[in-house]
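Take a look at the letters that make up each chain.
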Amino acid sequence: MSLMDRIKAQAKADKKRIVLPEGAEERTVKAAAILLKEGICDVILLGDEEKIAAYGEDLTGATIINRPVEIAGGTYNITCASVGNPHCVVFCEDPSVLD
């Protein structure tokens, strides 16, 4: 058994959850699909569900977080994840309009 096979077996034996903040990037979506297919961990993707789905990967079992919120007349997609220290990501077309 190779070193990578041993690492994967150990991860599967003590299955954890991983949050991938760049959820709408192709390499992130492909990595998530591999993790899910191999049963290595549970996956949470942060990002636009339509963009993520456009890559055509099987993400059965993944959680996708992306919530539209209206602030001062504008709609922003906000994703939040608590990984010990809460983080918030705001997706917008023009960041100069944010305070």
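What counts and what doesn't
- Residues numbered from 1 in each chain as written.
- Predicted model: local features only at pLDDT ≥ 70, side-chain atom pairs only at ≥ 80, totals over all residues.
- Heavy atoms only, no water.
- Helix = DSSP H or I, 4+ residues; strand = E, 2+ residues; numbered from the N terminus.
- Buried < 20%, exposed > 50% of the residue type's maximum accessible area, 1.4 Å probe, protein only.
- Contact = heavy atoms within 4.5 Å.
- Areas by Shrake-Rupley, 256 points an atom, 1.4 Å probe, with all protein chains shown as cover.
- Salt bridge = Lys/Arg side-chain N within 4 Å of Asp/Glu carboxyl O.
- Core = buried A, V, L, I, M, F, W, Y, C linked by side-chain atoms within 4.5 Å.

(A) Structural context of the overall build of the chain. Across its full length, the chain carries three helices and six strands. Start at the N end of the chain and walk to the C end: the helices and strands fall as α-β-α-β-α-β-β-β-β. Put simply, the chain has 99 residues, and 22% of those count as buried. Contacts in the chain between residues far apart in sequence, at least 24 positions, make up 42% of those at least 6 positions apart. Of the accessible surface of the chain, which amounts to about 7,100 Å², a share of 52% is contributed by carbon and sulfur atoms.

(B) Here's a closer look at the pattern of salt bridges. Evaluation of the coordinates by the stated rule reveals five salt bridges. Among the salt bridges present, the one from Asp42 reaches Lys15, with a minimum N-O distance of 3.7 Å. Pair noted here: Asp42 is in strand E2 (residues 42-46) and Lys15 is in the loop between helix H1 (3-13) and strand E1 (17-20), with a separation of 27 residues, a long-range link. Since its relative accessible area comes to 35%, Asp42 is described here as partly exposed. Ionic pairing is found between Glu25 and Arg27, a salt bridge with its closest N-O pair at 3.4 Å.

(C) Local environment of the nonpolar core. Counting twelve residues, the largest nonpolar core is built from Leu20, Val29, Ala32, Ala33, Leu35, Leu36, Ile40, Cys41, Val43, Leu45, Ile52 and Leu59. Going through the elements one at a time, helix H2 (26-37) and E2 are the ones with two or more residues in this core. Looking at which element gives the most residues to this core, the answer is H2, with five residues. Dropping the residues within four chain positions of it, Val43 is found in contact with Ile18, Leu20, Ala32, Leu35, Leu36, Gly61, Ala62 and Thr63.

(D) Inspection of the environment of Ala53 at higher detail. Among the structural elements, Ala53 can be located in helix H3 (residues 49-53). Residue Ala53 is classed as exposed on the basis of its relative accessible area, which comes to 55%. Residues Ala53 and Ala24, spaced 29 residues apart in sequence, show a C-alpha to C-alpha distance of 8.7 Å.

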